[in-house]
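# Descriptive analysis of the structure
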Amino acid sequence: MIKAILVFNNHGKPRLSKFYQYFNEDMQQQIIKETFQLVSKRDDNVCNFLEGGSLIGGSDYKLIYRHYATLYFVFCVDSSESELGILDLIQVFVETLDKCFENVCELDLIFHADAVHHILSELVMGGMVLQTNMSDILARIEEQNKLQKQEAGISAAPARAVSAVKSMNLPQQIKDIKLPDLPQAIKDLKF
Amino acid sequence: MALKMVKGNLERMFDKNLTDLVRGIRNNKDNEAKYIAQCIEEIKQELRQDNVSVKSNAVAKLTYLQMCGYDISWAGFNIIEVMSSNRFTCKRIGYLAASQCFHPDSELLMLTTNMIRKDLSSTNQYDAGVALSGLSCFISTDLSRDLANDIMTLMSSTKPYLRMKAVLMMYKVFLRYPEALRPAFPKLKEKLEDPDPSVQSAAVNVICELARKNPKNYLSLAPIFFKLMTTSTNNWMLIKIIKLFGALTPLEPRLGKKLIEPLTNLIHSTSAMSLLYECINTVIAVLISISSGMPNHSASIQLCVQKLRILIEDSDQNLKYLGLLAMSKILKTHPKSVQTHKDLILACLDDKDESIRLRALDLLYGMVSKKNLMEIVRRLLGHMERAEGSSYRDELLYKVIEICSQGSYQYVTNFEWYLTVLVELILLESGSRHGRLIAGQLLDVAIRVQAVRTFAVNEMATLLETYPVTAAPNGTMQEVLYAAAWIVGEFAPHLDGPERTLAVLLQPKPVAGHIQAVYVQNALKLFAHLVGEAVRQRDGAAIERHCQTLAEGLRSYLSSADIEVQERASSVYFLVVLLRESLGGGANQQHAAAPVADGGLLELTPDVPGEPGDGGGEEARAAPDEPVATGSGGHYPGAAWDEIEQIATDLQGLFASELNPVAPKAQRKVQLPEELDLDEWINQPPPSADASSADGGSSDEDKFPLFLTDGGRGGGGGERETNGGGDGSRSYKRIEYTQEELDKMRQARLLEQTNNPNYLKPAKTKKASGGDYHHQQQQQQHDCYDDIPIAEIALEVPLQIHSTKRSDKYLMDAERATRVFVGKSGGRKEKGEKSGKKSKRRGKKSKRYSDESDSESDDPKPLHVVNTVIELPEGAILSDTEDKNNADPNDPHRALDIDLDAPFEDDYPQEMKRKAANQRSVMLLRDGDGQTAKTNRNPADDHHPGGTTTTDSKHRSRRRGTAAATERSGSKHADRKHTDRSDEQQQQQQVDGGGAGREKQKKKKKSAGKERPDEADAIMLMIDEETPAKGRTAKEKEKRSKPPKDGGAANEVVEDGDVKEKKKKHSKKSSKHHHHHHHSSSSKKSGYEEMPAQSLGGVSKDAI
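Taking an unreviewed UniProt entry as the reference, chain B is identified by name as AP-3 complex subunit delta belonging to Anopheles gambiae. What UniProt records for chain B under Subunit (unreviewed entry) is the sentence "Adaptor protein complex 3 (AP-3) is a heterotetramer." Recorded under Sequence similarities (unreviewed entry), the UniProt text for chain B is reproduced unchanged: "Belongs to the adaptor complexes large subunit family."

Going by the annotation in an unreviewed UniProt entry, the name recorded for chain A is AP complex mu/sigma subunit domain-containing protein, with Anopheles arabiensis given as the source organism. According to UniProt, the comment filed for chain A under the heading Sequence similarities (unreviewed entry) is "Belongs to the adaptor complexes small subunit family."

Here is the structure:
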């Protein structure tokens, strides 16, 4: 079983946290912090397995991680998982992200944390490995995205336009313009 | 309405979406908290809107904030609203938020049951998929019970995607609602042979998780797994299956024998390191389970060790780590094979990677010998000095002790060295958690190695003096003071400066209460020793002086907040007063002040200790004594001196007899005599009596913790008139009995004890305990050791040099000794003769170990002897196992320990059971003729609405129903196909099964366990021979893939070729994803190495 999947950057900022066992938010942050401290002090050329982590797990649990550029991908697993298998799984995860975001980088994870969650949920479900075949995973994700697009349809067009405008990095003021009177006016139209 | 829509959309346009939130947080790094608080306010506004898109946008933002550590459970209800949206986009957002913040105890979950049920049965497979993913994170017991049927229905969905998810989901259901396992199991088993590999893999995954905790219930699946193992190409699944076999083999060694060959083939053929590694692991597990009776199992061990060596030598640190991990498993049963790779493992001790060093440490205990122990420990101590991180240092400390103490210190040749190492460890690591362990070692060595006692006692005296005590220690290292104090007290005669040590013990120190108590007790022991010495020299002044020191020193203990310390201190205090009275009464009658002063002290309650006046008075009184008393005790009248002598002897008698180490489990092994009622009064208590010490006999010893026994033993062992005045405050009640009465009682008790078969009789064997015999026997033992030479260590350097550790000295000495020894071999022979006694004692042991090391004959001879006698009740054996039920009572798997092969019981929820009965019949059919079962299945059975239509009458008829239903539906299916010959067999089987089932049901599950061996036989048969019911095609297929069981040479060649050919095919057609598992055999590297690890690094768009 996988107990938790954490992604954080070189400074310990969480980019994704998925716990398959309940911890409250404070505890989650502590675990992330502890895990970061454990992992970040290790050189890049040492092994990718780590015992310990007093907060999460115990003797039966291991931290298995990979370090890519600015990001750490950490899986906390028990002894029923194969160590090398989990390393492969992390690789599959990262490659899937790479396919979905086209040359993934930390920014993609920052701005699309929800999408990352959706991708992860096609690999791991409730702490158990669901699918390791990347083409299958990609197909599922693609279909769901298509579904989402269909639903959005025309009704989402204005929102998309606005977000496009926002992305154009217009001066802050435009974003801050509120139209308080418009809804009010509409309301007034009602009898 | 339309206007409302427009308005909603317009508003939404300018709401912050997730991207805006993230950007905002990044732009407000300085006042992030404030910004987020503001955003949460906005989110609350948005959640109040009716538009579900607005809401889901808000929930999406909340999910992000949750990751940043903000509690979002307050929005639980809104999350459920979003989950219940008809739109997939919103649903997905809702379920994601739920999976992140709901937990099984959330009360809100009650509201979700019907919504989730609806989603599970949605026509859109992704609605159901999203629901399953979310549910897997927060499923509760109630949800499990209510949704179990719906999820089971999905297990036979036409969509592989849903089947796969539902299968995995069932595991979560089992954990929360164990009753679902029985009815769902047949279906789960069926999924092992699902046409879709992902579903298959999921089913294997679930069964592996289940079997990990309760392997015996899944033995019957071994044939299916065996088939999967030999046919599957999915490395993920293979790894899981092989891991599962690793868990099953300890229960069924015959399974292991069958496994060795295919696994060995896999080891030779696979190029995927992950698979190779798991194969090795399972082969090791197999070899452990069949430690004997395999003709060629040394070959398998060799193969494993060889492969592991390759892993350890690999430059890839991951493989090195795993190699060491697997080695440690082999080490337990086949130490010799691992020892040949000693060089490799010792080299790993210096690896820069802590994980690898830790693994190498695990192996170390198998690598040490008498010759290299000192060297290895020196290296470990060096590591400890350099290492950062207290946990690693602690681990090192633990390992040092572990490798030194293993096998009753079989590798330690010089205990002075060992004690020095221990002291160094103490000073090196004051924050350690292993203080108790070191304390135990100190005590053990001091007690069991008589020859080193003098050294130990003086080391401990120094330690007591120099150990820096802090008021708030961050570890348990202070525990060593407990051991040190006990050692200096118990073996006081060995002390160089007992007076000084007494003073040290009496210095008030901020140590824990139980340690202070030991200080007090051992101050008394030291005092007794000192007084005895003084009496021998007839030195009255010295006695007075010692009384003075003790009485003064006890002051602070008298007022201790710890009740134990206070009690002991006052006992000791009044003992001193007693002694002083006789001193004062005899010699200094002219000092009328003395008894008065003592009287004053007597009146002192412990909580008002020593007013300054008292001390002053005593000093004043003591001062004039000295000039008079020094020189000789002649000043005391003869009678008074006799009395003093008597008291001193009695005092020493308290602590005279030797303590033997007691086996760890000895206490528990003592049988409670049948007629002993611990709640009964031994003697009718006089009002306010302290009954516990009424007969301070040796039988009472067990009732007291370690150090309290001193008093009890003294009382029981001594036949003195006063019956051990030293029992102090605890024994005063005993005066009520006359000596005659006491003797009578003692006689009666002894008689009873001899007649009682459960009582430990003294003096019959060496293991006897208690009583006077004990003392004699101790004496004998002690005599044996007199002729053992005490090592003389030439102290070339009088003071320790700071730069090198003291323990290094011994290493250098040893090295020098070997060098000298190589020169002239005569010297060693002498040494050997000297310690002849010892080698005889250890003869057996050394014989056992003599062949394990290539150079055992060159090993240095031990300088000191370990006393291996330990106290144990008669008839008890050290290795006796005890049922340790240390399993976690909260582990959900305990409830999942269900015998799945036994027929159903009545105690299952009705709707599930009925359903399961149908499924079971289908299963039986499928077992019979794998191919055709699918057409046979009655869809109506499977998709029965279940619980909703269940009526009460069915409820009532349930009792008889199950087995009958099984049979009925089974034969119904069979009837349909009775033309087929193989089906006839199968029908036969089924009817048999049904009949047997009914009979078994009467016997209930209790008997099921006993039948296990037969079942296991059947399993083996199924692997060995084809089951008669197997379809012909399946038979052929399996034959091809199955390795020949008798291993004829020609057969083997064919087989190998076959396997290779297959592998080739696999690698060709294997999907892209698996390319890293299969690559050219020339490459040794594991696949994951080849993955484009720079995919992130090379393309990073922007550094943050």
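Moving on, we get to the overall build of chain A. Per the secondary structure count, chain A includes 8 helices and 7 strands. For chain A, the residues scored as buried account for 56% of the 191 residues in total. When contacts within chain A are restricted to residue pairs at least 6 apart in sequence, those whose partners lie at least 24 apart make up 50%. Carbon together with sulfur atoms contributes 54% to the accessible area of chain A, which is approximately 8300 Å² in total.

Okay, the overall build of chain B next. A tally of helices and strands in chain B yields 52 helices and 0 strands. Counting across all 1104 residues of chain B, residues that qualify as buried make up 52%. A total of about 51400 Å² of accessible surface is found on chain B, and carbon and sulfur atoms cover 53% of it.

All right, on to the confidence of the model for chain B then. All names here are of chain B. For chain B, per-residue confidence averages 69 on the pLDDT scale, and residues scoring 70 or more make up 58% of the total. Low confidence marks residues 586–634, where pLDDT is under 50. Its contacts with residues over four positions away, or in another chain, come to 55 contacts. Contacts from residues 913–1104, a stretch scored under 50 in pLDDT, to residues over four places away or in other chains number 237 contacts.

Per the counting criterion, the structure on display carries 17 aromatic pairs over all chains. Seen in terms of ring centroids, Y65 of chain A and Y72 of chain A are 6.3 Å apart; in terms of plane orientation they differ by 50°. Their pairing is tilted. Across the pair, exposure class does not vary: Y65 of chain A and Y72 of chain A are buried alike. Ring geometry for W417 of chain B against Y418 of chain B: centres 6.3 Å apart, planes inclined by 35°, an arrangement best described as tilted. Judged by its relative accessible area of 2%, W417 of chain B is buried. An aromatic cluster is built from F8, F36, Y65 and Y72 of chain A, whose rings are joined through pairwise contacts.

A few words now on the packing of helix α13 (residues 222–231) of chain B against helix α15 (residues 253–269) of chain B. All names here are of chain B. Here α13 crosses α15 at 5°, and the two axes come no closer than 12 Å. Considering the angle they form, α13 stands roughly parallel to α15. On α15, the residues that touch A222, F226 and M229 of α13 are L255, K258, L259, P262 and L263. Partitioned by chemical class, the residues of the contact of α13 with α15 number 7 nonpolar, no polar and 1 charged.

Residue and element names in this part refer to chain B. Using the criterion set out here, one finds 38 salt bridges over all chains in the structure. Ionic pairing is found between D150 and R117, a salt bridge with its closest N-O pair at 3.2 Å. With D150 in helix α9 (residues 141–155) and R117 in helix α7 (residues 113–120), this residue pair connects regions lying 33 residues apart in the sequence. The salt bridge involving K191 is made with E190; its shortest N-O contact spans 3.5 Å. Note on E190: relative accessible area 8%, which makes it buried.

Our focus in this paragraph is the pairing of strand β1 (residues 2–9) of chain A. Strand residues, when the strand is regular, have side chains that alternate between the two faces of the sheet. Residues and elements named next belong to chain A. For β1, a buried count of 8 out of 8 residues is recorded, marking the element as mostly surrounded by other parts of the structure. Where β1 meets strand β5 (residues 71–77), 7 bridges bridge the pair, whose relative direction is antiparallel. Directly across from I2, in β5, lies its bridge partner V77. By the bridge criterion, 5 bridges tie β1 to strand β2 (residues 14–19) in an arrangement that is antiparallel.

Attention now goes to the interface of chain B and chain A. Listed as interface residues are 90 residues of chain B and, on the opposing side, 88 residues of chain A. For the chain B and chain A pair, buried surface summed over both sides reaches about 8300 Å², with 58% attributable to carbon and sulfur atoms. In this structure, the connection of chain B to chain A is made through 5 salt bridges. Of the charged contacts, one joins R42 of chain A and D353 of chain B as a salt bridge, the two residues approaching to 2.9 Å between their closest N and O atoms. Linking chain B to chain A there are 31 residue pairs in polar contact (both at pLDDT 80 or more). Considering only residue class, the side of chain B that touches chain A consists of 40 nonpolar, 26 polar and 24 charged.

This brings us to the sheet that holds β2 of chain A. If you walk across this open sheet you meet the 5 strands as β2-β1-β5-β4-β3 (chain A), and the pairing is antiparallel. This sheet does not close on itself; its edge strands, each paired only once, are β2 and β3 (49–51) of chain A. Between one strand axis and the next, the sheet turns by 20° as a mean value, whatever way the strands run. With respect to the sheet, helix α18 (residues 317–333) of chain B is in contact with β3 and β4 (62–68) of chain A, its orientation differing from that of β3 of chain A by roughly 50°.

This brings us to the environment of P186 of chain B. Counting through the fold element by element, P186 of chain B comes out in helix α11 (residues 181–191). Separated by 714 residues in the primary sequence, P186 of chain B and L900 of chain B have C-alpha atoms spaced 8.9 Å apart.

Caution applies to low-pLDDT parts of the model: their predicted coordinates are not meant to be read in detail. Summarising the model, chain A shows a mean pLDDT of 82, and 77% of its residues fall at 70 or more. In the predicted structure, residues 172–186 of chain A sits below a pLDDT of 50 and forms 9 contacts with residues beyond four places in sequence or in another chain.

Attention shifts here to α18 of chain B. Residues and elements named next belong to chain B. For α18, with 17 residues, the first-to-last C-alpha span of 26 Å sits near the 24 Å given by 1.5 Å per residue. Counting buried positions over the 17 residues of α18 gives 14, a clear majority of the element. Its side-chain oxygen at 2.9 Å from the backbone nitrogen of N318, D316 defines the N-terminal cap of α18.

The next subject is the environment of K44 of chain B. All names here are of chain B. Mapped onto the secondary structure, K44 falls in helix α3 (residues 32–48). Since its relative accessible area comes to 30%, K44 is described here as partly exposed. For K44 and A75, which are 31 residues apart along the polypeptide, the C-alpha to C-alpha distance reads 8.5 Å.

So, about a nonpolar patch on the surface. Residue and element names in this part refer to chain B. A cluster of nonpolar side chains, namely F77, M110 and L111, defines an oily patch on the protein surface of about 350 Å² accessible area. With respect to the helices and strands, L111 occurs in the loop between α6 (88–101) and α7. Overall, the relative accessible area of 48% leaves L111 in the partly exposed class.

Right, let's talk about the pairing of β5 of chain A for a bit. Residue and element names in this part refer to chain A. The buried count for β5 comes to 7 of 7 residues, which makes it a mostly enclosed element. Where burial is concerned, the two faces of β5 agree: the one with L71, F73, F75 and V77 and the one with Y72, V74 and C76 are both buried. Of the strand pairs in this sheet, β4 and β5 are connected by 7 bridges, and their pairing is antiparallel. Within β5, the position partnered with K62 by the bridge is V77. Following β4, the chain reverses through 2 residues before pairing antiparallel with β5; A69 in that reversal takes a positive phi of roughly 45°.

Attention now moves to helix α2 (residues 18–27) of chain B. All of the buried residues along α2 of chain B are L18, D20, L21, V22, G24 and I25 of chain B. Sitting at the head of α2 of chain B, N17 of chain B places a side-chain oxygen 3.1 Å from the backbone nitrogen of T19 of chain B.

In a disulfide, the sulfur atoms of two cysteines are held together by a covalent bond. Inspection of the entire model under this criterion finds 0 disulfides over all chains. There is no disulfide at C304 of chain B, and the cysteine sulfur nearest it, in C279 of chain B, is 9.6 Å away.

The rules behind the values
Throughout this document, residue positions are counted from 1 along each chain, in the order its sequence is written. Chains carry letters from A onward and ligands carry numbers from 1 onward, assigned in written order. Local features are withheld for residues below a pLDDT of 70 in this predicted model, meaning they are given only at 70 or higher, and side-chain atom pairs are given and counted only at 80 or more; totals for whole chains, interfaces and linings count all residues. For side-chain calculations, the full set of non-hydrogen atoms in the structure is used, while hydrogens and water are omitted. UniProt positions are given in the numbering used here, feature names are shortened, and annotations may be inferred rather than shown by experiment. Each helix is a run of DSSP H or I of at least 4 residues and each strand a run of E of at least 2, with the numbering of both proceeding from the N terminus. Three labels apply to residues, based on accessible area from a 1.4 Å probe with only protein chains included: buried if under 20% of the type maximum, exposed if over 50%, partly exposed otherwise in between. Two residues form a contact once any of their heavy atoms are found within 4.5 Å. Only the protein chains shown count as cover for residues, and all accessible areas are computed by the Shrake-Rupley method using a 1.4 Å probe. For every residue, the predictor states its confidence as a pLDDT score lying anywhere from 0 to 100. Two rings from Phe, Tyr or Trp (for Trp, the six-membered ring) form a pair when their centres are within 6.5 Å of each other. A pair whose planes differ by under 30 degrees is stacked, one over 60 is edge-to-face, and the rest are tilted. For every element, the axis is a line fit to its C-alpha atoms; helices are fit only across the contacting stretch, and the angle between N-to-C directions ranges from 0 to 180 degrees. Any angle that is under 35 degrees is reported as roughly parallel, and any over 145 degrees as roughly antiparallel; angles of 65 to 115 degrees are reported as roughly perpendicular and all others as oblique. Throughout, the ten residues Ala, Val, Leu, Ile, Met, Phe, Trp, Tyr, Cys and Pro are labelled nonpolar, Asp, Glu, Lys and Arg are labelled charged, and all others, Gly among them, are labelled polar. Here, a salt bridge means any Lys or Arg side-chain nitrogen found within 4 Å of an Asp or Glu carboxyl oxygen. Any two strands with at least two DSSP bridges between them are considered paired. When two parts are put together, the accessible area they lose, computed with a 1.4 Å probe and summed over both, is reported as buried area. Under the rule applied, a polar contact is a pair of N or O atoms within 3.5 Å (in protein, one hydrogen donor and one hydrogen acceptor; residues adjacent in sequence only if both atoms are side-chain atoms). For a helix, the expected span equals 1.5 Å multiplied by the number of residues minus one. Patch construction takes residues with relative accessible area above 30% that form no salt bridge. Like charges are linked within 9 Å, and nonpolar side chains (Val, Leu, Ile, Met, Phe, Trp, Tyr) are linked within 5 Å. Pairs of cysteine sulfur atoms within 2.5 Å are identified as disulfides in what follows.

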